[in-house]
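# A structural walkthrough
One-letter residues, chain by chain:
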Amino acid sequence: MTESPMRLWEVFIRARNGLAHQHVGSIHAADAEMAVQAARDTYTRRGEGLSIWVVPSAAIAASDPADQSMLFEPGTTKPYRHPTFYIVPEEVGHM
Amino acid sequence: MYSQGLDQRDGRHDGANTAEPAEALARFQARIDAEEKIEANDWMPDAYRRTLIRQISQHAHSEIVGMGPEGNWITRAPSLRRKAALLAKVQDECGHGVYLYAAAETLGVSREELVDALLEGRAKYSSIFNYPTLTWADIGAVGWLVDGAAIMNQIPLCRCSYGPYARAMIRVCKEESFHQRQGFEIMLTLSRGTAAQQAMAQDALDRLWWPVLMMFGPPDTDSQHSDQSMRWKIKRFTNDGLRQKFIDATVPQAQYLGLTIPDPALRFDDASGHWISGPIDWAEFRRVLAGGGPCNRERLETRRRAHAEGAWVRAAAQAHAARHEAKAA
Ligand SMILES: [Fe+2]
Ligand SMILES: [Fe+2]
């Protein structure tokens, strides 16, 4: 008796003017228009947002958690990418 | 709410999977011990995944079935203020079901499978929703006590080790406080009203008190999943621990309302500072969970009917989407 599955969408909401859209959850709907309506009912019942994006979940490509160290470790082992790596004498003042 | 004590077996076996390398299991447990969140694509033991699917989906089913007893009174709410509040509350419960189904789906089950399991009677939901809401006072008592118990149970779940579940619970918890307060306000109005209204409030408490205590699940001495769930930080408190917190918080509220908790053995223990309750009838809990409660049949039939009557809407939406896509292509 299982029906054909209703498409899955990821929901992003801009909470306030000036903020980026943020992922809040997902929703099932047959098309984008209904997904926006369902997202509104589900995720913005108390003024949580000013704008909604919905994206088909299947369209999202994600990095593999198993690759975490390969992908992100180089970012943490390069202290020379941070300002505090460099010495500026105190008498120079704020830089 | 309502997963505590609801993490009952649905007929699947949760034994250790011998194919999983001890090293991976140890690394997983180390992440849990370090309070790291586990995310959907991370490696996890099979039993962890199955436990979560079972618990989250039972929780979701409870939110959905739980709309029944309260929805029963929307058209008969005594004022527009009460009706608007009840309607908003029931809509929230539907939202909770949706957040939770979505969290369960991140573990690799489909919404359709989960809903089918409920409709075919293979999945469990909280025993409390198999009791009827006979009077308007029951709506007050449900908000005050059932949502009150839900809050007790759900707050620690916000720190659950599984990220999508924890995030869904944070969202749910933000919405629950209004549910409990509107229920308490109904009870307060009734208990400050006429003798008949006071009697109605007392009657609701009399019928719902023990079933609400059962919501926290079987006693720790025979809770099947507690230990492993605590180690995995799916659960942070035991059933009895949460039940005690609830009793301690609720007895003074009942006193404020001028209502009597229907437990002649209830006493305050000076040494521990806790309210000690009399014995709970666990045979009743097991009977209701097994399908023998006053409303089990009706609740499932209502869900089945709603699902069947909505089938043409889902089919039409899918057909509409397919046609527009074909046109656009
Ligand atoms: Fe809820
Ligand atoms: Fe609630």
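For the structure itself, consult the block above.
Predicted, not measured: the structure shown is a model, and the values here were computed from it.

### What about the coordination of the iron ion (ligand 1)?
Geometry reference: four tetrahedral donors at a metal, ideal angle 109.5 degrees. Six octahedral donors, ideal angles 90 or 180 degrees. Residues and elements named next belong to chain B. Coordination sphere of the iron ion (ligand 1), protein contribution only: Glu63 (OE), Glu93 (OE), His96 (ND1) and Glu176 (OE), at 2.0 to 2.6 Å. Each donor residue of the iron ion (ligand 1) belongs to the same chain, with the gaps between them written as E-x29-E-x2-H-x79-E. The distance between the iron ion (ligand 1) and the iron ion (ligand 2) comes to 3.3 Å, with Glu93 serving as a donor to both metals. One end of the pair, His96, is in helix H4 (residues 80-105); the other, Glu176, is in helix H7 (residues 163-191), and 80 residues separate them in sequence. Take His96: its relative accessible area is 0%, and that puts it in the buried class. Residue class for Glu176 comes out buried when judged on its relative accessible area of 0%.

### Thoughts on the coordination of the iron ion (ligand 2)
All names here are of chain B. Note on the iron ion (ligand 2): its protein donors are Glu93 (OE), Asp147 (OD), Glu176 (OE) and His179 (ND1). The metal-donor distances range over 2.0 to 2.2 Å. Coordination at the iron ion (ligand 2) is irregular: its four donor atoms span angles of 83 to 170 degrees at the metal. The sequence pattern formed by the donor residues of the iron ion (ligand 2) is E-x53-D-x28-E-x2-H. Judged by its relative accessible area of 2%, Glu93 is buried. A relative accessible area of 0% means that Asp147 is categorised as buried.

### With respect to the interface of chain B and chain A
One widely used convention gives an interface's size as the accessible area the parts lose upon coming together. The partner chain A presents 21 residues to the 25 residues of chain B that form the contact. At the boundary of chain B with chain A, total buried surface from both sides reaches about 2000 Å², with 48% on carbon and sulfur atoms. By the criterion of area lost to chain A, the three top residues of chain B are Glu112, Arg171 and Gln318 of chain B, representing 26% of everything that side buries. Remark: the boundary between chain B and chain A carries five salt bridges. With a closest N to O distance of 3.0 Å, Glu175 of chain B and Arg45 of chain A form a salt bridge. Where chain B packs against chain A, one counts ten residue pairs in polar contact (both at pLDDT 80 or more). Where the side of chain B that touches chain A is concerned, the elements lending two or more residues are H4, helix H5 (111-119), H7 and helix H13 (311-328) of chain B. Here the residues of the side of chain B that touches chain A sort into eight nonpolar, six polar and eleven charged.

### Considerations on the sheet that holds strand E1 (residues 8-14) of chain A
Residues and elements named next belong to chain A. Sheet architecture is open: three strands sit in the order E2-E1-E3, paired in antiparallel fashion. Edge strands, defined here as strands with exactly one partner in the open sheet, are strand E2 (22-28) and strand E3 (51-56). Across the sheet, the mean angle from the axis of one strand to that of its neighbour is 30 degrees, orientation sign disregarded. Of the pairings in the sheet, the one linking E1 to E3 comprises six bridges and is antiparallel in character. For Ile13, the partnering residue across the bridge sits in E3 and is Ile52.

### Considering the packing of H5 of chain B against helix H12 (residues 296-309) of chain B
Residues and elements named next belong to chain B. Look at H5 against H12: their axes get within 9 Å of each other, and the N-to-C directions meet at 135 degrees. Compared by their axis directions, H5 and H12 come out oblique. Residues Val115, Leu118 and Leu119 of H5 form the contact with H12, whose own contacting residues are Leu300, Arg303, Arg304 and His307. Considering only residue class, the contact of H5 with H12 consists of four nonpolar, one polar and two charged.

### Thoughts on the nonpolar core
All names here are of chain B. Counting 94 residues, the largest nonpolar core has Tyr48, Leu52, Ile56, Tyr162, Tyr165, Trp209 and Val212 as the members making the most contacts within it. Ranked by the residues each element gives to this core, the list is headed by helix H6 (residues 136-157), at ten residues. Setting aside residues no more than four positions away along its own chain, Tyr162 makes contact with Ile38, Glu39, Ala40, Met44, Tyr48, Leu52, Ile56, Ala103, Thr106 and Leu107.

### Quick notes on the packing of aromatic side chains
Enumeration according to the criterion identifies twelve aromatic pairs over all chains in this entry. For the ring pair Tyr80 of chain A and Phe85 of chain A, a centre distance of 6.2 Å and an interplane angle of 70 degrees mean the geometry is edge-to-face. On the accessibility criterion, Phe85 of chain A (43% relative accessible area) is partly exposed. Considering the side-chain rings of Trp282 of chain B and Phe285 of chain B, the 5.4 Å spacing of their centres and the 90 degrees angle between planes classify their relative orientation as edge-to-face. A residue pair is termed a helical-turn pair when its members lie 3 or 4 positions apart in one helix, as Trp282 of chain B and Phe285 of chain B do in helix H11 (residues 282-292) at three residues. Under the relative-accessibility criterion, Trp282 of chain B is labelled buried at 17%. Taken together, Phe28, Trp43, Tyr48 and Trp232 of chain B form an aromatic cluster joined through their ring pairs. Positioned above the aromatic ring of Trp73 of chain B, the side-chain terminus of Arg76 of chain B is 3.8 Å from the ring centre. Over the ring of Phe237 of chain B we find Lys245 of chain B; its NZ or CZ atom is 5.0 Å from the centre of that ring.

### Section: H7 of chain B
Taking 1.5 Å per residue, 29 residues should reach 42 Å; H7 of chain B reaches 42 Å between its end C-alpha atoms and fits that length. Glu175 of chain B marks where H7 of chain B bends most, by close to 30 degrees.

### Side note on a nonpolar patch on the surface
Judged by side-chain polarity, Met70, Leu71 and Phe72 of chain A come together as a nonpolar surface patch covering roughly 330 Å² of accessible area. Within the secondary structure, Phe72 of chain A sits in helix H2 (residues 68-76).

Rules behind the numbers
- Residues numbered from 1 in each chain as written.
- Chains lettered and ligands numbered in written order.
- Predicted model: local features only at pLDDT ≥ 70, side-chain atom pairs only at ≥ 80, totals over all residues.
- Heavy atoms only, no water.
- Donors = N, O, S within 2.8 Å, 3.2 Å for Na, K, Ca; no water.
- Helix = DSSP H or I, 4+ residues; strand = E, 2+ residues; numbered from the N terminus.
- Buried < 20%, exposed > 50% of the residue type's maximum accessible area, 1.4 Å probe, protein only.
- Tetrahedral: all angles 85-135°; square planar, octahedral: opposite > 155°, others 65-115°.
- Contact = heavy atoms within 4.5 Å.
- Buried area = accessible area lost by both parts, 1.4 Å probe.
- Salt bridge = Lys/Arg side-chain N within 4 Å of Asp/Glu carboxyl O.
- Polar contact = N/O pair within 3.5 Å; in protein donor to acceptor, adjacent residues only side chain to side chain.
- Nonpolar A, V, L, I, M, F, W, Y, C, P; charged D, E, K, R; others polar.
- Pairing = 2+ DSSP bridges.
- Axes fitted to C-alpha atoms, helices over the stretch in contact; angles between N-to-C directions.
- Parallel < 35°, antiparallel > 145°, perpendicular 65-115°, else oblique.
- Core = buried A, V, L, I, M, F, W, Y, C linked by side-chain atoms within 4.5 Å.
- Phe/Tyr/Trp six-rings, centres within 6.5 Å; stacked < 30°, edge-to-face > 60°.
- Lys NZ or Arg CZ within 6 Å of the ring centre and 35° of its normal.
- Expected span 1.5 Å × (residues − 1).
- Bend = angle between axes of the 7 residues up to and from the residue.
- Patch = residues over 30% accessible without salt bridge, like charges linked within 9 Å, V, L, I, M, F, W, Y side chains within 5 Å.
- Areas by Shrake-Rupley, 256 points an atom, 1.4 Å probe, with all protein chains shown as cover.

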